[in-house]
Amino acid sequence: MGGLIGLRGVDRGHLDDLLDRGEVYAKQVASREPPSAELDGRIVATAFFEPSTRTRLSFEVAATHVGARVMTFTPETSSTAKGESLKDTMLTLAAIGADVLVVRHGARGVPALAEHWTGLPVVNAGDGRGEHPTQALADALTLRQHFGSVSGLRMGIVGDVRNSRVARSLLWSLPTLGVEIVLVGPSPLLPEANPWDAEVSTELDPVLPGLDVVYMLRMQLERGAAAGLPGLTGYPARYGLDDERMERLAADAVVMHPGPMNRGVELGQRAADGPRSLILDQVRNGVPMRMAVLADCMGHE
Ligand code: ASP
């Protein structure tokens, strides 16, 4: 029994198992089959110390689809507001009866600490600039459904790569599945180190026509993304996936974004809402993929 803190070091076999399981659940959810019972009667606690729409709600739906009950902790309306420490909060959730913790926090490493403190399986729902493993898995499932296989695809991750935990989880997993990644953005938004040996470009236009997948990122202003940039005004003109750039995509290329989108900044209407957009499929696949991860936490095959 173990949680999922990140995708770094997760081998191909485990990634394939999770995706296979996600694919089965996706069909089950789509055909409105009755919920599975892998987590029958267990309690999944969600503790989000940063805002979330997709991730928290899809974890909660996923938990109920595998038979669990959900305990939602919200820091703003809980004793965190009275000064209770993070550790005491986590131990409290465990003492009340949580079997699995789903944790999001602005500081990298908090989900791993929560696992250490409580001994419970913890799923990282996004930790600062660390990782966001279930987003990358939902994205991999989305690509697998769309293209049949992800191996051999060329993906451009465009924008604020430096501050993106989604980019990190994609970089730690998709190349293991055979995806080639090129990172695109202005120098201050590209990662300081490149342990993935990913190709890097400060210009979008030359790489755009060669991409199968254009993965747009939101500027993480809450993590100081604007600090190194001379001004944000030129950003959409140089890096935004606007209607004109959509004309220059390869014939079968698709557009992805983890949400929330800032329309008019990193992408325009055709990119977001047009037939090439997989953005709502990414959201949809968050449910079966998180079902798979929760079931995996409980050690069910
Ligand atoms: N929702 C993703 C995250 O929590 C992406 C973003 O916020 O831009 O990291």
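Look up: the structure comes first, before these words.
Just so you know, these numbers come straight off a predicted model, no measurement behind them. (Residues numbered from 1 in each chain as written. Predicted model: local features only at pLDDT ≥ 70, side-chain atom pairs only at ≥ 80, totals over all residues. Heavy atoms only, no water.)

## A word on the sheet that holds strand β1 (residues 43-48)
Thinking step 1. With parallel pairing, the four strands of this open sheet are ordered in space as β2-β1-β3-β4. Pairing within the sheet leaves two strands with one partner each, and these edge strands are β2 (69-73) and β4 (122-127). The average angle at which neighbouring strand axes cross in this sheet is 15 degrees, direction not considered.
Thinking step 2. For β1 and strand β3 (residues 100-105), the ladder comprises five bridges, and the chain directions are parallel. Residue pairing for β3: A47 is matched across the bridge by V103.
Thinking step 3. Contacts from helix α2 (residues 54-65) reach β1, β2, β3 and β4, with the element oriented near 175 degrees to β1. (Pairing = 2+ DSSP bridges. Helix = DSSP H or I, 4+ residues; strand = E, 2+ residues; numbered from the N terminus. Axes fitted to C-alpha atoms, helices over the stretch in contact; angles between N-to-C directions. Contact = heavy atoms within 4.5 Å.)

## A closer look at the layout of surface pockets
Thinking step 1. Computed from the structure, the largest pocket encloses a volume of approximately 370 Å³.
Thinking step 2. Put simply, the parts of the chain that give the lining of the largest pocket at least two residues each are α2 and α6 (165-173).
Thinking step 3. Its residues assigned to classes, the lining of the largest pocket shows five nonpolar, eight polar and eight charged.
Thinking step 4. If you add up the space inside the second largest pocket, you get close to 200 Å³. (1 Å grid on protein atoms, 1.4 Å probe; cavity = no way out; pocket = protein on both sides within 12 Å on 5 of 7 lines; lining within 4 Å. Points joined across faces, edges and corners; volume = space filled by probe spheres on them. Nonpolar A, V, L, I, M, F, W, Y, C, P; charged D, E, K, R; others polar.)

## Description of unusual backbone geometry
Thinking step 1. A cis amide bond, omega 0 degrees, links G259 with the succeeding residue P260.
Thinking step 2. A positive phi angle, near 55 degrees, is found at R32, a position not held by glycine.
Thinking step 3. If you trace the backbone, R32 turns up in the loop between α1 (12-30) and β1.
Thinking step 4. Its relative accessible area of 77% is what places R32 among the exposed residues.
Thinking step 5. Look at D197: it is not a glycine, yet its phi comes out positive at around 55 degrees.
Thinking step 6. Relative to the helices and strands, D197 resides in the loop between β6 (180-184) and β7 (199-201). (Buried < 20%, exposed > 50% of the residue type's maximum accessible area, 1.4 Å probe, protein only.)

## Comments concerning the sheet that holds strand β8 (residues 213-216)
Thinking step 1. One open sheet accounts for five strands, arranged β7-β6-β5-β8-β9; its pairing is parallel. Each end of this open sheet is capped by a strand with a single partner; those strands are β7 and β9 (254-256). Geometrically, the sheet is characterised by an average inter-axis angle of 25 degrees between neighbouring strands, direction not taken into account.
Thinking step 2. In this structure, β6 lies alongside β7, joined through three bridges in parallel fashion. Looking at β7, one finds that V184 is bridged to S201.
Thinking step 3. Packed on one face of the sheet, helix α5 (residues 133-147) meets β5 (154-158), β8 and β9 and runs near 165 degrees to β9.

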